[in-house]
Amino acid sequence: MKKTVFPNDFLWGGAIAANQIEGAWNEDGKTIGLSDLFIYNKDKDNTKLHASDMTSQQVEFAKNDKHGYYPKRHGIDFYHTYKSDLKYLKEMGFKTLRISINWARIYPTIDTTKPNELGLKFYDDLINEIIKNGMEPIITILHYEIPLYITEQLGGWENKKTIALYEVFAKTILDRYHDRVRYWIPINQINLVHIEPFISIGTCIDKTDNYELSKFQGVHNQMVASALVKKYAKQQKFNIKIGSMLADLTAYPENAHPDNILLALKHNRLNYFYTDVQFRGEYPGYINRYFADNDLTIEVSEQEKTLLKDNTLDFLAVSYYFSQMVSVDQSREFSTSYASSKKNPFIDATPWGWAIDSKGLYNCLSCYWDRYQKPILIAENGLGMHDKLINETVNDDYRITYLKAHLIAINECLKDGVDVFGFCAWGPIDLVSASTQEMEKRYGFVFVDINNTGEGSKKRYRKQSFHWYKKVIATNGKSLGE
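What you see is a predicted model, and the numbers here were worked out from it, not measured in a lab.

What counts, and where the lines are drawn
- Residues numbered from 1 in each chain as written.
- Predicted model: local features only at pLDDT ≥ 70, side-chain atom pairs only at ≥ 80, totals over all residues.
- Heavy atoms only, no water.
- Helix = DSSP H or I, 4+ residues; strand = E, 2+ residues; numbered from the N terminus.
- Buried < 20%, exposed > 50% of the residue type's maximum accessible area, 1.4 Å probe, protein only.
- Contact = heavy atoms within 4.5 Å.
- Areas by Shrake-Rupley, 256 points an atom, 1.4 Å probe, with all protein chains shown as cover.
- Lys, Arg positive; Asp, Glu negative; His and termini not counted.
- Charge placed at Lys NZ, Arg CZ, Asp CG, Glu CD.
- Patch = residues over 30% accessible without salt bridge, like charges linked within 9 Å, V, L, I, M, F, W, Y side chains within 5 Å.
- Salt bridge = Lys/Arg side-chain N within 4 Å of Asp/Glu carboxyl O.
- Phe/Tyr/Trp six-rings, centres within 6.5 Å; stacked < 30°, edge-to-face > 60°.
- Lys NZ or Arg CZ within 6 Å of the ring centre and 35° of its normal.
- Axes fitted to C-alpha atoms, helices over the stretch in contact; angles between N-to-C directions.
- Parallel < 35°, antiparallel > 145°, perpendicular 65-115°, else oblique.
- Left-handed = near helix turned anticlockwise from the far one by under 90°.
- Nonpolar A, V, L, I, M, F, W, Y, C, P; charged D, E, K, R; others polar.

Colleague: What am I meant to see in the overall build of the protein here?
Modeller: When its secondary structure is counted, the protein shows 15 helices and 12 strands. Along the longest, intermediate and shortest principal axes, the C-alpha atoms of the protein span 60 × 55 × 50 Å. When each of the 482 residues of the protein is scored for burial, the buried share is 60%. Taking as baseline every contact in the protein between residues at least 6 positions apart, the subset at least 24 positions apart corresponds to 78%. Only carbon and sulfur atoms are counted for the fraction: they give 49% of the accessible area of the protein, which is about 19,300 Å². The protein carries 58 positive and 60 negative side-chain charges, and their two centres are separated by 5 Å.

Have a look at this one:
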């Protein structure tokens, strides 16, 4: 790479989620959220992605279980250690930190007449501390932190009453932090509803007659809620930007066979569906046909159509970890929301089967830019691996290699004129994995001495990647060419 073109105001930083890092799951008035219900199972095959379906019986068991270990209830105790943890990020020179605000901390019950001031005080202090350490906070309003009462009393996001409760929550934190936070993401990875349905929309699989319909209805209601956030920000004349966030699921066709080309096209359009609505303001014809072909009738009012049209969002946030490949040999019928992914023989994978493909990042960002011309934030990117702490550090050259290749791919996009304005490395301090509940699937520049069952000293240690990323930030990416 002969030239780096990262803009001078590029937002170098990282991203975390409240439910994976904070702990303190029942302190200062907070009630239980859906992510608190996932137990660590040492016998589970974590090399495969598992849909996070849950029944009402499973929910009831997890809520009352006194014996199992539920990692996200504990995180890395960031609720109590955030000041010392943020100093590591300051030392690296972070320009930004993406966080989320746990809904059940702010409104612990379905009663929205008064927010929990202890919860708000924590985020007051956290946001102020982020800014004090020279970082710009980016806030995700909902990052898999649906309060349990939404599921138990309303059945999840498929119930339109959830929109109003979310709107109150969102307005509360926008009013409180709009003067300190420029970029807001209403819903984390809105398109993962078909891969992580329970923590995305909060509907128990045994409480719906048509789970596929529940997913699409739930995500429609989330898009309506996002438009309401944008509308409120405009009405209040807040100087903020509201973004749509996708987990990239762009897929290559296995080969040039026309059936595989069309399969990849259909798969990828279902990935674009969410942003087509949120950036263009209306449901595209291909998704309307998909609904008709699969006998899905989504409740969409004329008022909601107008709301979506008049309140399109401002930027695209993308989480990118891997590319995918689809094949008609594996997906004989396109009867589900996405085609099944097949292992790409040209790409190495992580121990969890995630394809390592920096060129896939160049590909997807280019496609998003060509389609929308919206500013892009890399909201998550990173490599989860089994790290070994030796002599109080981790030699994680594999992480450096991965991140360097992906940052070079972003640089290539910038050369093409793609407006990428920030990069948030996922989990800059080790945290609990969203999909597998593991602590030992580590992403961080800072090692946290906690294992999968919560044992360890909780001490923090700088990895080799810590020093590497510090230099990347200090040189504004120029060290990538070394």
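Colleague: Help me out: how do you make sense of a positive patch on the surface in this one?
Modeller: Among the surface-exposed residues, Lys83, Lys87, Lys90 and Lys132 lie close enough to one another that they form a single positively charged patch. Sort the elements by how many residues they give to the positive patch and helix α3 (residues 78-92) lands first, with 3 residues.

Colleague: How do you make sense of the packing of aromatic side chains when you look at a structure like this?
Modeller: We describe a pair of aromatic rings using the distance from one ring centre to the other and the angle between the two ring planes. Counted by the stated rule, this structure contains 33 aromatic pairs. Taken together, a centroid distance of 4.8 Å and an interplanar angle of 65° make the contact between Phe10 and Trp12 edge-to-face. No difference in accessibility class separates Phe10 from Trp12, as the two residues are buried. Ring plane angle 85° and centroid distance 5.9 Å describe the contact between Tyr272 and Tyr368, whose orientation is recorded as edge-to-face. Placement of the pair is Tyr272 in helix α10 (residues 258-280) and Tyr368 in helix α13 (residues 358-372), with a sequence separation of 96 residues. In terms of burial, Tyr272 and Tyr368 fall into one category: buried. These aromatic residues form a ring-pair network of at least three members: Phe6, Phe10, Trp12, Phe94, Phe445, Trp468 and Tyr469. Positioned over the ring face of Trp354 is Lys441, at 3.8 Å from the centre of the ring.

Colleague: I keep staring at the pattern of salt bridges and nothing clicks. Help me out?
Modeller: Think of it this way: side chains of opposite charge can pair up when their charged atoms draw near. Enumeration according to the criterion identifies 29 salt bridges in this entry. Here Lys30 and Asp36 are joined by a salt bridge, their closest N and O atoms 3.0 Å apart. For the pair Lys30 and Asp36, a shared accessibility class is recorded, and that class is buried. Among the ionic pairs, Arg280 bridges to Asp276, the shortest N-O distance being 3.5 Å. With Arg280 and Asp276 both in helix α10 and 4 residues apart, this pair spans about one turn of that helix. Overall, Arg280 belongs to the partly exposed group, its relative accessible area being 40%.

Colleague: I would appreciate a short explanation of the environment of Glu392 in the present structure.
Modeller: With respect to the helices and strands, the residue Glu392 is situated in the loop between β9 (376-381) and α14 (397-415). Accessibility expressed as a relative area gives 58% for Glu392, which makes it exposed. With 227 residues separating them in the primary sequence, Glu392 and Leu165 have C-alpha atoms 46 Å apart. Other than its neighbours up to four places away in sequence, Glu392 contacts Tyr461 and Arg462.

Colleague: What's the story with the side chain of Asp276 in this structure? I'm lost.
Modeller: By relative accessible area, Asp276 is classed as buried at 1%. Excluding residues within four positions of it along the chain, Asp276 makes contact with Gly281, Glu282, Pro284, Tyr286, Arg371 and Tyr372.

Colleague: Explain the packing of α14 against helix α15 (residues 464-474) here, please?
Modeller: Helix-helix packing: each pair is described by the crossing angle between the helix axes and the interaxial distance. Where α14 meets α15, the axes come as close as 10 Å, and the angle between the chain directions of the two elements is 25°. Between α14 and α15, the interaxial angle falls into the category roughly parallel. Handedness of the α14/α15 crossing: right-handed. Listed contacts from α15 to Arg399, Ile400, Leu403, Lys404 and Leu407 of α14 are Gln464, Ser465, Trp468 and Val472. Across the contact of α14 with α15, the residue classes break down as 5 nonpolar, 2 polar and 2 charged.

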